[in-house]
Amino acid sequence: MNHIKQLLALLRFQLGISPFIMILPLVFGTPYLLPFLGPSMLHDFHPTLGLVVQNQNMWLVGFFGILLLAPEVMGSGDANAAWSAGLEFLLTRPVDRRIVLRARSVVYYSLVLALPLAACLSAFESPVLRVTEFQKEAHQEVLDRMPGSIAEEKSNTITIPNGNTMVQGWRLWVFMCIAIGTQVLVYLVYPLRYRRFICWGAFAVIIFVPLATALVRIREGGSFSPKETLFFGFVAHQPLCWVGAIAALILVQLWCESRFSRMEQ
Amino acid sequence: MTTDYPILAQNVSRAYDGPPVLRDMNLAVKQGSIYGFLGRNGAGKTTMIRMLAGLIKPHAGEVRVLGRDPFTSGAEERQWVGYMSEKGIIPGLVRVSNALKLGRDLYPQWDGALADSLIAKYDLSPRKRFMALSLGKQRLLGFVMAIAPRPKVLLLDEPAANLDVVARREILDDILRLIRDCGCTVLFSTHILSDIERVADEIGILAQGKVRASEPLDTLKDSIRQVRFFGFKNGLPAEDPPGSFRTVRGVDELIVTLRINADTTPESVARSWSCQYESRALSLEDIFVELSIH
């Protein structure tokens, strides 16, 4: 049986293992849904660039990443029938080990990237972004670093012709990078005895690092957070960022498949 | 060798965190036979079966199923090996029908008619999720998933656990039927000795990390006997006879559990000790206990 048939069979089965995962795109993509919740409230409101580029749900991508890519890592280890991830069941069926992992990756990346990708594509229809920067330095930096941006007369608002496309592309890129990082972490620690604790520890770090950077920013001042600075870097080197992310995705996937196929269960 | 013995393990050792569970273990299961695997809890039966299923690797020695290393074998080889785990390994939210669909999708030789007949016979509702089934029914579904591809090798880890007597007999009958139909080779572990006696052609008793005995039930019963030696003319001997598993010393008698072979028979031992003897056959349970604890 060829790999595509195996993959399709496993994908169908995967949805049966945990039907609730179908709601995950909504969980990951809450920021995309906010504008639909209260159009009147958001009408004529132009947030700062910092607000536009941030996404509080990144840690969810990591958290659900572990549950989707290697649920047995977070499990109790005793293969409880009711909540078993079914790995032993699948590995004793006629499938190649690496295809089992590939099916999990396909589900994970599809769920994580579905909404950002849709938003990215729809941004081509309304590419213009308007942001408001009240701080003088921040206002000037946006004008300097966002190509084609124009300051509006007698206001702090800036119009960025392809700003929306860039922001949605940035979000998609960040989602992809977090997902790749999660996959690397999961399969690095997979064979370790204390893998569950390492993963929980990683979450603690992911959750608290933004808080720590925010505190540093407040204490030391400065117009932009590291995330905004990174966004400017992304804008300046978009082709390189995309090529790098796609190459990393392919290499990480191949590495994980190879590692997984050599691991015991 | 490969075709004669679809299941082979040679000098296999395996440890987890502590001392080895299996030590230089050898196992060879003949084509078309039903091999009953006996052992105490923690003796290494599940470890051996998981190794044969390709889930774990031996730390030393080699394992072969249908002539291939099961850990590295791909889909082509795996489709001929049926496996039923000791635990319910099908994910809890999966419906019975989804599990069967996966079987149909993955196994080119999946016998849908056999699967459907077993599902009806075991009264498994296709709409039910695995977690909603009773433990016994979960085992039965696991059995259907293992047997419906009509495998060449069937590995069953405690297939009768959590089953009532009727369901247990049904499973055993189905194993026998499968053997008759397609000459499948079966290895199954169990604690229920009556099951072994009912279906197994050959029995392996695993203790101290090794297969202590591996032979047909009748041969095993004939070759291991309990012998009472008495009427010693020269007093009780200090040494145990060769081939003895256990010796109980009385005031003027020895009760020896003895493996009988060409060199060691009750007669030859009695002759060398200048005494008389009485020999009695042991039940499988007695043999199992003798081999397991000594």
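Definitions and limits used
Residues numbered from 1 in each chain as written. Chains lettered and ligands numbered in written order. Predicted model: local features only at pLDDT ≥ 70, side-chain atom pairs only at ≥ 80, totals over all residues. Heavy atoms only, no water. Pairing = 2+ DSSP bridges. Helix = DSSP H or I, 4+ residues; strand = E, 2+ residues; numbered from the N terminus. Axes fitted to C-alpha atoms, helices over the stretch in contact; angles between N-to-C directions. Contact = heavy atoms within 4.5 Å. Buried < 20%, exposed > 50% of the residue type's maximum accessible area, 1.4 Å probe, protein only. Parallel < 35°, antiparallel > 145°, perpendicular 65-115°, else oblique. Left-handed = near helix turned anticlockwise from the far one by under 90°. pLDDT = per-residue confidence, 0-100. Patch = residues over 30% accessible without salt bridge, like charges linked within 9 Å, V, L, I, M, F, W, Y side chains within 5 Å. Areas by Shrake-Rupley, 256 points an atom, 1.4 Å probe, with all protein chains shown as cover. Salt bridge = Lys/Arg side-chain N within 4 Å of Asp/Glu carboxyl O.

**A few points about the sheet that holds strand E12 (residues 253-259) of chain B**
All names here are of chain B.
- Taken together, four strands build an open sheet; the order of strands is E11-E12-E10-E13 and the sheet is antiparallel. Each end of this open sheet is capped by a strand with a single partner; those strands are strand E11 (244-249) and strand E13 (276-281). Here the strands of the sheet are splayed against their neighbours by 20 degrees on average, with no regard to which way each runs.
- Where strand E10 (residues 224-230) lies against E12, seven bridges are found, and the strand directions are antiparallel. Opposite Gln226, over in E12, you have Thr257 as the bridge partner.
- Along the sheet, helix H9 (residues 266-273) makes contact with E10, E12 and E13, crossing E10 at roughly 25 degrees.

**Some thoughts on the sheet that holds strand E6 (residues 153-157) of chain B**
All names here are of chain B.
- Read across the sheet, six strands follow the order E5-E6-E7-E3-E8-E9 without closing on themselves; strand pairing throughout is mixed. The open sheet has two edge strands with one neighbour each: strand E5 (81-84) and strand E9 (210-216). With direction set aside, neighbouring strand axes in the sheet form an average angle of 15 degrees.
- When E6 meets strand E7 (residues 185-189), the two strands line up parallel, connected through five bridges. Bridged to Leu154 within E7 is Val186.
- Docked against the sheet, helix H5 (residues 135-147) engages E5 and E6, running at close to 175 degrees with respect to E5.
- Sheet strands in contact with helix H6 (residues 165-182) are strand E3 (34-39), E6 and E7, and its direction is about 140 degrees off that of E3.

**Remarks on the pairing of E7(B)**
Residues and elements named next belong to chain B.
- E7 sits mainly inside the fold: five of its five residues count as buried.
- A two-sided burial pattern is seen for E7, the buried positions comprising Thr185, Leu187 and Ser189 on one face and Val186 and Phe188 on the other.
- The pairing of E3 with E7 spans four bridges and is parallel. If you follow Tyr35 over to E7, its bridge partner there is Leu187.

**Notes on the packing of helix H1 (residues 3-17) of chain A against helix H9 (residues 97-123) of chain A**
Residues and elements named next belong to chain A.
- Contact geometry for H1 and H9: axes closest at 9 Å, N-to-C directions at 55 degrees. Put simply, H1 runs oblique to H9. In terms of crossing hand, the pair formed by H1 and H9 is right-handed. Together, His3, Gln6, Leu7, Leu10, Leu11 and Gln14 of H1 and Ile99, Val100, Arg102, Ala103, Arg104, Val106 and Val107 of H9 make up the contact between the two elements.

**What about the confidence of the model for chain B?**
- Here chain B shows a mean pLDDT of 88. Residues at 70 or above account for 98%.
- For chain B, H6(B) is the element with the lowest average pLDDT, namely 80, and strand E4 (residues 60-65) of chain B is the one with the highest, namely 94.

**Looking at a nonpolar patch on the surface**
Residues and elements named next belong to chain A.
- A grouping of Trp59, Ile206, Ile207, Phe208, Leu211, Leu215 and Ile218 is seen on the molecular surface, where their side chains present a nonpolar patch of about 710 Å² in accessible area.
- Here the nonpolar patch gets six residues from one element, more than from any other, and that element is helix H12 (residues 195-220).
- Summarising the element assignment, Trp59 is placed in helix H6 (residues 58-69).

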